[in-house]
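# A structural walkthrough
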Amino acid sequence: LQRSRGSITVVPAAASDVGGIGRLTRHPESPGMTTLASTNAFGMHEAEKGSVLDVDIVLRKTDEVMMQYGLNPVNDDTRNNGHGDGDDNDNDSYKNRLRLIKVDAEGYELRALKGLNLTKYPFQYLTIEFFPKLIQECGSDPTELLLYIHESGYRFIMSPSDAGGVYDAAVASAASSEDVKNWATRLVRKNIRNEGYHVNLFATLNHE
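Presented here is a report on the structure given in the accompanying data block. (Residues numbered from 1 in each chain as written. Predicted model: local features only at pLDDT ≥ 70, side-chain atom pairs only at ≥ 80, totals over all residues. Heavy atoms only, no water.)

## A short note on the nonpolar core
L113, L126, I128, L145, L146 and I149 are the most contacted members of the largest nonpolar core, which has 39 residues in total. Among the secondary structure elements, those contributing two or more residues to this core are β8 (57–61), β9 (100–103), α4 (109–114), β10 (125–130), α6 (142–151), β11 (154–157), α8 (177–193) and β12 (199–205). Those residues in contact with I149, other than ones at most four positions away along the chain, are L113, L126, I128, Y154, F156 and A203. (Core = buried A, V, L, I, M, F, W, Y, C linked by side-chain atoms within 4.5 Å. Buried < 20%, exposed > 50% of the residue type's maximum accessible area, 1.4 Å probe, protein only. Helix = DSSP H or I, 4+ residues; strand = E, 2+ residues; numbered from the N terminus. Contact = heavy atoms within 4.5 Å.)

## Overview of the sheet that holds β9
Pairing is mixed in the open sheet, where 4 strands are placed in the order β9-β10-β12-β11. Taken across any chain shown, the strands that pair with only one partner, and hence form the sheet edges, are β9 and β11. Across this sheet, the average inter-strand angle for adjacent strands is 25 degrees, counted without regard to direction. As paired elements, β10 and β12 share 6 bridges and run antiparallel to each other. Looking at β12, one finds that Y125 is bridged to T204. α6 rests against β10, β11 and β12 of the sheet, and its axis sits at about 175 degrees to β10. (Pairing = 2+ DSSP bridges. Axes fitted to C-alpha atoms, helices over the stretch in contact; angles between N-to-C directions.)

## Quick word on α6
One full turn of an α-helix is made of 3.6 residues, so residues set three or four places apart face in the same direction. Most of α6 is tucked away, with 7 of its 10 residues classed as buried. Those residues of α6 lying buried are P142, T143, L145, L146, L147, I149 and H150. Where α6 starts, the residue carrying a side-chain oxygen 3.0 Å from the main-chain nitrogen of T143 turns out to be D141. Of the residues trailing α6, G153 is marked for its positive phi of about 105 degrees. (Polar contact = N/O pair within 3.5 Å; in protein donor to acceptor, adjacent residues only side chain to side chain.)

## Details of the sheet that holds strand β4 (residues 20–22)
In space, the 3 strands of this open sheet follow the order β3-β8-β4, with mixed pairing throughout. Because the sheet does not close on itself, it has two edges, and the strands there are β3 (14–16) and β4. Looking at each pair of strands side by side, their axes are set apart by 45 degrees on average, direction ignored. Note that β3 and β8 share 3 bridges and pair parallel. Looking at the pairing, A15 lines up with R60 of β8.

## Thoughts on the pairing of β12
Regular strands place side chains that alternate from one sheet face to the opposite one. Counting buried positions over the 7 residues of β12 gives 5, a clear majority of the element. As defined by bridge partners, β11 adjoins β12 across 4 bridges and the pair is classed as antiparallel. Residue I157 lies in a different strand from β12, and its bridge partner there is F202.

## Thoughts on the packing of aromatic side chains
Centre distance and the angle of the planes are the two values used to describe a pair of aromatic rings. Per the stated rule, a full pass over the model turns up 1 aromatic pair. Geometrically, the ring pair formed by F156 and W183 is edge-to-face, given 5.1 Å between the ring centres and 65 degrees between the ring planes. A residue pair is termed long-range when its members are at least 10 positions apart, and F156 in strand β11 and W183 in helix α8 qualify at 27 residues. Judged by relative accessible area, F156 falls into the buried class, the value being 2%. (Phe/Tyr/Trp six-rings, centres within 6.5 Å; stacked < 30°, edge-to-face > 60°.)

## Section: the environment of P73
Positionally, P73 belongs in the loop between α1 (62–68) and α2 (76–79). Distance in space between the C-alpha atoms of P73 and K120 is 4.9 Å, their sequence separation being 47 residues.

Structure, rendered in structure tokens:
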């Protein structure tokens, strides 16, 4: 979605790390459980021939979509918001325009995020659904997903409900990559005991 002058534009494409064409896989009794990976996990399967989901889905890198709608990447000075000689007007503009990104792609989160350079497009807040089993079914590594967010300049923060008690003090502060890796390993281990385990995670830019 792109917000401009009070309007919302729907982009008819799926966010990915590469351009191309994708196909949908879904759960027959849960339309919201739809992904671009080919998997039979949790009873999911490819769309039935002739059904409403039996369509080709255009895959686009989010970087390209951002530029299409006039949001050029920030430069090094602008990215130094509060820590350098960046233009305050540019900084304020990006802070007002790039507030929140939410990714809930049923396991496709890492590939969707890799199509967006988070250091060049610094959203203030980021939230994802972390579903280790589906992430693995989509061919991605759950630990790599959390490290990618952390190493893009974000720190994970507590949710009001503590996301079911999954945060530790180290991760909820300015954690190191090793802290995040160990935390992710514990979450994946929890998923091994309960394959349906998933949780919403929240992060904010480090300088916020």
